[in-house]
Amino acid sequence: MKQGIFTLEEVREKGGGIWLLRLAGDTSAITAPGQFVNIELPGKFLRRPISVHEWWEDGLELLVKEAGEGTRELVRLPAGTKLDVLTGLGNGFDVLDAKGKHAVLVSGGIGIAPFYGLVRCMEEAGVDIQAIVVGFASEEQARLLYTGDWVIMGYRVLPVTEDGSLGAKGLVTDVLKTLPDCHYVMACGPTPMLKAVHALPQITGGQFSFEARMACGFGACVGCSIPTKNGPRRVCKDGPVFRKEEIVW
Amino acid sequence: MVDLSVTLAGVTLKNPVIPASGTFGYGREFAEAYDLDLLGSFSWKGTTAAPREGNPQPRIAETAAGMLNAVGLQNPGLDAVLREEVPNIAKLFHGPVIANVCGFSLEEYAENCRRLEEADQAAILEINISCPNVHAGGKNFGSDPQSAAAVTRAVRGATKKPVFMKLSPNVTDIAEIARACADEGADGLCLINTLLGMRIDLNTRRPLIANRTGGLSGPAVFPVALRMVWDVYEAVDLPIIGCGGVASAEDAAEMMLAGASAVEVGAANLRDPFACKKIIESLPAVCERLGVERIADLTGGAHEGRAKG
């Protein structure tokens, strides 16, 4: 964990309550994709934990969906605003654990946010990705949330929308069932999606990124603890990414 | 050079700043942020005899100038704390520690205190009779003078260490509870625990906290805590640890002027992991501004004609 002052360099509205924020500051504490930052906001007592979309040496990007008062205020801050940010929080995805497992990445909605850094890290580490299954409510949401060039990079990207307006119609689990060699997933999305993916008999391993209401974000208050097979574990500190074997619903 | 040291029932702290129970775990997380040896002490996470998983999610909600929590005394249990946390604390921190003791019966409180005799570093036992998030028949031991007195009697007979009763603000007259504890031989008091509150999610029309209610903490409760410290200082002749919404060195000084000998800092640690460090670093300047060479001289200073020795 590191506390730093970041400068909000760019706030870009993509539409539909989705925003891309670029912040400049020291990111040396960030060690894995799937980690998050915790941002102090003027007038709010608790910081706002937000997954890191992508990061580099002296800056990072956040893909933010307006959900409540905090995110609404955050995305309306003017460029140039200085923000007190805790970085390097949580256990992110363990890229090397996926080595040789022919992993399938699975996202639902805004859960796609940490996958940009994840795909890059897997590429850099030479870890094979079988396919990237990206679930959205609609083609419109896909257009707002898919900001990458994974197809150009040569990855097999399988979109799925609830209304069938883009790619397969249905849920990400419908697509996973059509992939006979999919046994190891790296998943991020709403809890019902995680639960459904976790329950597929074909899935024997993988990593699942959780969400929770947090107070501190660095393990002290245990406000975000969830039951696991290894006893209560903090989403903020022991997670947000948990191994398939330890998860209970 | 300002003297920041204070004394609580014979235990000397190098300064009056103590991270409050439930916001500091057993020290591990904050040791990643700063050197714990700059603290006066810290109060560890409320510990019961058996491990507890706590309440279901969600347990946290934000409020104006504060937060609600309904963690529900999640802790690894006293065995694991004595085996794993106590030896680790000795590596992270070299001053006196405050052991927060919880229980669900008089026997459990007494037994937990007896078992802490072996933990030399636990210099003060803080007896939590005020957690609002666990329901033993809907009440806690701190909610009436008779049961507060009964717990005090039970722990007093079980340990030679100083016992500080941690009082609930969710009562009609906190001074009456304080007197009941004093009469049974408490060495000090810590107040206040969180105020019972709730929020409702407008989208779901259901309480935001799964446990329905939670304990309110943060700057919102500071004036309430300050008033209660004042009342208790007037009522009993025991050292008081003032707790509730302290977020700055100025707040700490106010709390001491109201009657506290030391202060606990809670929710502020969760917003800013460096809160206690910053408060300690600002204390000398605040003392100089107030014209005191010993911070201990602030205690009770706001009470007319009643400065305690």
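Scroll up to find the structure this text is about.
Glancing now at the interface of chain B and chain A. Residue-level contacts link 33 residues of chain B with 28 residues of chain A. With both sides pooled, the region where chain B packs onto chain A buries about 2,500 Å², and carbon together with sulfur makes up 57% of that total. Inspection of the chain B/chain A interface yields four salt bridges. Of the charged contacts, one joins Glu-32 of chain B and Lys-237 of chain A as a salt bridge, the two residues approaching to 2.6 Å between their closest N and O atoms. The tally of links from chain B across to chain A stands at 15 residue pairs in polar contact (both at pLDDT 80 or more). Those elements that provide at least two residues to the side of chain B that touches chain A are helix 1 (28–31), strand 4 (60–63), strand 5 (66–69) and helix 8 (267–271) of chain B. Counted by class, the side of chain B that touches chain A contains 15 nonpolar, nine polar and nine charged residues.

In this structure the tally under the stated criterion is 32 salt bridges over all chains. Between Arg-48 of chain A and Glu-62 of chain B there is a salt bridge, with its nearest N and O atoms 2.6 Å apart. Note that Arg-48 of chain A is positioned in strand 4 (residues 48–51) and Glu-62 of chain B in strand 4, a pairing that runs across two chains. You can call Glu-62 of chain B buried: its relative accessible area is 17%. Here Glu-66 of chain A and Arg-76 of chain A are joined by a salt bridge, their closest N and O atoms 3.2 Å apart.

Take the packing of aromatic side chains next. Describing an aromatic ring pair means giving the distance of the ring centres and the angle of the ring planes. Evaluated as defined, the whole model comprises twelve aromatic pairs over all chains. When the centroid spacing of 4.6 Å and the interplanar angle of 25 degrees are considered together, the rings of Tyr-116 of chain A and Trp-150 of chain A count as stacked. With a gap of 34 residues between them, Tyr-116 of chain A in helix 2 (residues 115–125) and Trp-150 of chain A in the loop between helix 3 (139–145) and strand 10 (157–161) connect regions that are remote in the sequence. Ring geometry for Tyr-34 of chain B against Phe-274 of chain B: centres 6.2 Å apart, planes inclined by 45 degrees, an arrangement best described as tilted. One end of the pair, Tyr-34 of chain B, is in the loop between helix 1 and strand 4; the other, Phe-274 of chain B, is in the loop between helix 8 and helix 9 (275–290), with 240 residues separating them in the sequence. Judged on exposure class, the residue Tyr-34 of chain B and its partner Phe-274 of chain B are both buried. By the ring-pair criterion, three or more aromatic residues cluster together here, those being Phe-218 of chain A together with Phe-24, Phe-30, Phe-42 and Phe-93 of chain B. The side chain of Arg-120 of chain A reaches across the aromatic face of Trp-55 of chain A, ending 4.7 Å from its centre.

Our next topic: the sheet that holds strand 13 (residues 214–217) of chain B. All names here are of chain B. Strand order across the open sheet formed by four strands is 4-5-13-10, with antiparallel pairing between neighbours. Lying at the two open borders of the sheet, with one neighbouring strand each, are strand 4 and strand 10 (195–197). Shown here is a sheet whose adjacent strand axes are inclined to one another by a mean of 35 degrees, direction ignored. With four bridges joining them, strand 4 and strand 5 adopt antiparallel strand pairing. Bridging from a neighbouring strand, Thr-63 pairs with Gly-66 of strand 5.

Attention now moves to the pairing of strand 14 (residues 225–228) of chain A. Along any regular strand the residues' side chains alternate between the sheet's two faces. Residues and elements named next belong to chain A. With four bridges connecting them, strand 14 and strand 15 (residues 231–234) associate as antiparallel partners. The partner of Pro-227 across the bridge, within strand 15, is Pro-232. Where strand 14 hands over to strand 15, the hairpin turn is made up of two residues, counted between the paired strands.

A word on the nonpolar core. Core analysis: the biggest nonpolar cluster contains 137 residues, and Trp-44, Ile-127, Met-165, Leu-167, Leu-189 and Leu-191 of chain B have the highest contact counts within it. If we ignore the near neighbours within four places in the chain, the residues touching Leu-167 of chain B are Ile-129, Ser-130, Ile-174, Ile-177, Ala-178, Cys-181, Leu-189, Cys-190, Leu-191, Ile-192 and Asn-193 of chain B.

A few words on the environment of Leu-167 of chain B. Residues and elements named next belong to chain B. Residue placement: Leu-167 occurs in the loop between strand 8 (163–166) and helix 5 (174–183). Leu-167 sits in the buried class, given a relative accessible area of 1%. Sequence separation of Leu-167 and Tyr-26 is 141 residues, and the distance between their C-alpha atoms is 21 Å.

Criteria and thresholds
Counting from 1, residues in each chain are numbered in the order their sequence is written. Numbering of ligands from 1 and lettering of chains from A proceed in the order in which they are written. This being a predicted model, a pLDDT of at least 70 is required before a residue's local features are given, and a value of 80 or more before pairs of side-chain atoms are given or counted; all residues contribute to the totals for chains, interfaces and linings. Side-chain calculation: all heavy atoms of the structure are included, whereas hydrogens and water are not. By definition, residues are in contact when any of their heavy atoms lie within 4.5 Å. Buried area: the sum, over both parts, of the accessible surface (1.4 Å probe) that disappears when the two are put together. Take a side-chain nitrogen of Lys or Arg and a carboxyl oxygen of Asp or Glu: if they are within 4 Å of each other, that pair is a salt bridge. Pairs of N or O atoms are called polar contacts if they sit within 3.5 Å, as long as, within protein, a hydrogen donor faces a hydrogen acceptor (for residues adjacent in sequence, only side-chain-to-side-chain pairs). Comment: elements are numbered from the N terminus, with helices defined as DSSP H or I runs of at least four residues and strands as E runs of at least two. Each residue receives one of three labels: charged for Asp, Glu, Lys and Arg, nonpolar for Ala, Val, Leu, Ile, Met, Phe, Trp, Tyr, Cys and Pro, and polar for the others, Gly being one of them. Only protein chains enter the accessibility calculation, which uses a 1.4 Å probe. A residue is then buried if its area is under 20% of the maximum for its type, exposed if over 50%, and partly exposed in between. Pairing of aromatic side chains requires ring centres within 6.5 Å, counting the rings of Phe and Tyr and the six-membered ring of Trp. Pairs whose planes differ by under 30 degrees are stacked, by over 60 edge-to-face, and all others tilted. Think of it as a cone above the ring: NZ of Lys or CZ of Arg counts as a charge over the ring if it is within 6 Å of the ring centre and within 35 degrees of the ring normal. Between any two strands, at least two bridges found by DSSP are needed for them to pair. Axes here refer to lines fitted to C-alpha atoms; in helices the fit is confined to the stretch in contact. Angles between the N-to-C directions go from 0 to 180 degrees. Each nonpolar core is a collection of buried residues, namely Ala, Val, Leu, Ile, Met, Phe, Trp, Tyr and Cys, held together in the definition by side-chain atoms within 4.5 Å.

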